[in-house]
Amino acid sequence: MLKPFTNQSPCLPQDPGWDDGFGFGYRELDAFWLARWTQESGWEAGRLYEQQGASLELSLAANVLHYGQAIFEGLKAHRTREDKIVLFRAIDNARRMRASAARLVMPPLPVDDFVTAVHSVVRANHKWVPGYQKGSFYLRPVMIGTGQVLGVAPAQEYLFYVFGCPAGQYMGGSRVIVLSAAHRAAPYGTGAAKTAGNYAGCLRPQKIAKEMGYVDALYLDARDDFYIEELSGANFFAILHDGTLVTPELGSILPGITRDSVLTVARELFGWLTVERRLSIEEVLSDAVEAFYVGTAAVLSPVTTINYRGIDYPIADGEPGPRAERLLQALTAIRLQEQPDHWDWVKEITI
Ligand code: COI
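Enquirer: It is not clear to me how the overall build of the chain should be interpreted in this structure. Could you clarify?
Expert: Regarding its fold elements, the chain presents eight helices and 19 strands. Taken against the 2.2 N^0.38 rule, which gives 20 Å for 351 residues, the C-alpha radius of gyration of the chain at 21 Å falls within 12% of a compact globule. For the chain, the C-alpha atoms occupy an extent of roughly 60 × 55 × 35 Å along the three principal directions. Across the 351 residues that make up the chain, the buried fraction comes to 52%. Taking the contacts inside the chain whose residues are at least 6 apart along the sequence as the reference set, 70% of them involve residues at least 24 apart. By element, 51% of the accessible surface of the chain is carried by carbon and sulfur atoms, the whole surface being about 15,800 Å². If you average the places of the 33 positive and of the 40 negative side-chain charges in the chain, the two averages end up 2 Å apart.

Enquirer: When you look at the pattern of salt bridges in this model, what are you seeing that I'm missing?
Expert: Side-chain pairing between opposite charges can occur once the charged atoms of the two side chains come close. Across all of its chains, the model carries 16 salt bridges by this definition. Two residues, Glu44 and Arg36, come together in a salt bridge whose shortest N-O distance is 4.0 Å. Of the residues examined, Glu44 reaches a relative accessible area of 32% and is grouped as partly exposed. Taking relative accessible area as the criterion, Arg36 reaches 37% and is therefore assigned partly exposed.

Enquirer: Would you explain the site of the ligand in this entry?
Expert: The environment of the ligand is made up of Phe72, Gly74, Tyr138, Arg140, Tyr170, Lys194, Tyr199, Gly233, Thr296 and Ala297. The separation between an oxygen atom of the ligand and a polar side-chain atom of Tyr138 is 2.5 Å. Between the ligand and Lys194, the relevant distance is 2.8 Å, taken from an oxygen atom to a side-chain nitrogen or oxygen of the residue. Considering the ligand on its own, with 280 Å² of exposed area, one finds that the protein chains cover 91% of that surface. Its atoms largely coinciding with the cavity grid, the ligand occupies the largest pocket. Here the residues of the shell around the ligand sort into five nonpolar, three polar and two charged. Counting contributing residues per domain, the shell around the ligand is built from domain 1 (18-167) and domain 2 (175-335), each supplying no fewer than three.

Enquirer: Please explain the packing of helix H6 (residues 257-269) against helix H8 (residues 322-335) as it appears in this structure.
Expert: Between two packed helices, the angle of one axis relative to the other and the distance separating the axes together describe the packing. Two elements in contact, H6 and H8, have axes separated by 10 Å at closest approach and are oriented at 105°. Taken as axis vectors, H6 and H8 run roughly perpendicular relative to one another. Contact residues: Thr258, Ser261, Val262, Val265, Ala266 and Leu269 in H6; Leu327, Ala330, Leu331 and Ile334 in H8.

Enquirer: Please explain the domain arrangement of the chain as it appears in this structure.
Expert: Accessible area lost upon the coming together of the parts serves often as the stated size of an interface. Its domain assignment divides the chain into domain 1 (18-167) and domain 2 (175-335). Put simply, the middle of domain 1 and the middle of domain 2, counted by C-alpha atoms, are 26 Å apart. Tallying the contact residues gives 19 residues for domain 1 and 18 residues for domain 2. For the domain 1 face of the interface with domain 2, the top three residues by lost area are Phe72, Phe88 and Arg96, together amounting to 37%. Where domain 1 packs against domain 2, one counts one salt bridge. Of the charged contacts in the structure, one is a salt bridge between Arg89 and Asp260, with a shortest N-O distance of 2.9 Å. Where domain 1 meets domain 2, there are nine residue pairs in polar contact (both at pLDDT 80 or more). Sorting the residues of the side of domain 1 that touches domain 2 by element identifies strand S4 (70-72), strand S5 (75-79), strand S6 (85-88) and helix H2 (90-103) as the ones contributing at least two each. Here the element with the most residues in the side of domain 1 that touches domain 2 is H2; it accounts for five residues.

Enquirer: Help me understand the nonpolar core in this model?
Expert: Phe137, Leu139 and Phe160 are the most contacted members of the largest nonpolar core, which has 36 residues in total. Mapped by element, the contributors of at least two residues to this core are strand S1 (31-38), S5, S6, H2, helix H3 (111-124), strand S7 (136-145) and strand S8 (157-167). Broken down by element, this core gets its largest block of residues, six residues, from H3. Excluding residues that lie within four positions of it along the chain, Leu139 makes contacts with Glu73, Gly74, Leu75, Leu87, Val118, Val121, Val122, Val162, Phe163 and Gly164. In terms of nonpolar packing, the next biggest core, distinct from the first, is built from 24 residues, Ile239, Val294, Leu300 and Trp345 among them.

Enquirer: Can you walk me through the side chain of Asn307 in this structure?
Expert: Looking at the secondary structure, you find Asn307 in strand S17 (residues 305-308). For Asn307, a relative accessible area of 7% corresponds to the buried category. A distance of 3.0 Å separates the side chain of Asn307 from the side chain of Tyr214, its partner in a polar contact. Side chain to side chain, Asn307 and Asp312 meet in a polar contact 3.0 Å long. Ignoring any residue separated from it by four or fewer positions in sequence, one finds Asn307 in contact with Val176, Ile177, Val178, Tyr214 and Asp312.

Enquirer: Would you mind showing me how to read the packing of aromatic side chains here?
Expert: Given two aromatic rings, one states the distance between the centres and the angle between the planes to describe the pair. One pass over the full model with this rule turns up 13 aromatic pairs. Aromatic side chains Phe24 and Tyr138 sit 4.9 Å apart centroid to centroid with 70° between the ring planes, which places their arrangement in the edge-to-face category. Highlighted residues: Phe24 in the segment before S1 and Tyr138 in strand S7, separated in sequence by 114 residues. Between Phe88 and Trp345, the ring centres sit 5.6 Å apart and the planes meet at 80°, which makes this aromatic pair edge-to-face. With Phe88 in strand S6 and Trp345 in the loop between H8 and strand S19 (346-349), the pair connects residues that are 257 residues apart, well separated along the chain. Like Trp345, Phe88 is buried. Each residue in the set Phe24, Tyr138 and Tyr170 is aromatic and connected to the rest through ring pairs, giving one cluster. The ring of Tyr49 carries the charged tip of Arg47 above its face, separated from the ring centre by 5.8 Å. Here the guanidinium or amino end of Arg326 rests over the ring plane of Phe270, the centre of that ring lying 3.9 Å away.

Scoring rules and cut-offs
- Residues numbered from 1 in each chain as written.
- Predicted model: local features only at pLDDT ≥ 70, side-chain atom pairs only at ≥ 80, totals over all residues.
- Heavy atoms only, no water.
- Helix = DSSP H or I, 4+ residues; strand = E, 2+ residues; numbered from the N terminus.
- Rg over C-alpha atoms; globule rule 2.2 N^0.38 Å.
- Buried < 20%, exposed > 50% of the residue type's maximum accessible area, 1.4 Å probe, protein only.
- Contact = heavy atoms within 4.5 Å.
- Areas by Shrake-Rupley, 256 points an atom, 1.4 Å probe, with all protein chains shown as cover.
- Lys, Arg positive; Asp, Glu negative; His and termini not counted.
- Charge placed at Lys NZ, Arg CZ, Asp CG, Glu CD.
- Salt bridge = Lys/Arg side-chain N within 4 Å of Asp/Glu carboxyl O.
- Near = heavy atom within 4 Å.
- Polar contact = N/O pair within 3.5 Å; in protein donor to acceptor, adjacent residues only side chain to side chain.
- 1 Å grid on protein atoms, 1.4 Å probe; cavity = no way out; pocket = protein on both sides within 12 Å on 5 of 7 lines; lining within 4 Å.
- Sits in = over half its atoms within 2 Å of the grid points.
- Nonpolar A, V, L, I, M, F, W, Y, C, P; charged D, E, K, R; others polar.
- Domains from an automatic or database assignment.
- Axes fitted to C-alpha atoms, helices over the stretch in contact; angles between N-to-C directions.
- Parallel < 35°, antiparallel > 145°, perpendicular 65-115°, else oblique.
- Buried area = accessible area lost by both parts, 1.4 Å probe.
- Core = buried A, V, L, I, M, F, W, Y, C linked by side-chain atoms within 4.5 Å.
- Phe/Tyr/Trp six-rings, centres within 6.5 Å; stacked < 30°, edge-to-face > 60°.
- Lys NZ or Arg CZ within 6 Å of the ring centre and 35° of its normal.

Below is the structure:
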């Protein structure tokens, strides 16, 4: 049973663990957002509910439970040095969720509704936003098909909900492995949509990679098994000997918002040559002077070793490189309003 959240709803007495640092895990905070869609009324306005003990009741035949109509987003709020709370590129997440919805024949949520929802969740849980440089507040918007189906068909009812968690480092290791016979997405498949199923399909390669001592699998394309796509939950970049910043072209990979931020900062702020194109594993192993992966949760982490066909190849001298570090510093400073935001990416949330 869901209880509407009021400003009088008590804040949790739990110790958030501010001083221990945060991992990347779920915890029940004070409030989450929920909105329903029905064929008759479309998207309702949505509202906050108390999160403690909250759960959803679904029909056994809800589409999401057997045909997998589920899409999601990830975005972050931070606390600045001046104790303001700022959110990064929420409008872009809203737009990407609309694109994912279109791919799975789900009702696209208006951008303003998405932005209202994430702002409301941050505001209601503002005490959980970690202090300056102590971590981030990670938001997880989700949309699922709840209507009952038996044959393969889109649901006739949907839920959109948003919860948040104080979050620390996600992933962070620098060794990745190309596994034989493990692809993430196929041409013309759902690789570019942020669907739950894409991540379910990565669980086995990710588990194998971890058991072998790597932080994650690095996927190659499904057609040629030769061109780099991405990791299970992060996009891939390489810097080549001639200084070009290269990242795999869009198509069957996730159009990452951190990916786009990195390309924009590199091109417009640093004046680097940036290219989105097919990038073969052999080109990276023979010509990369730096490599790194990026994502909202992962932020930006250097790749120092790639295992390919059973051999560990160091990238350049096997040490993190200066240009990845420079990009990380710039992105961090822009997100925290410590460097000009020429693109209007950062929005303050008034509490
Ligand atoms: C994110 O980076 O926000 C994601 O949604 C990826 C997920 C694997 C944590």
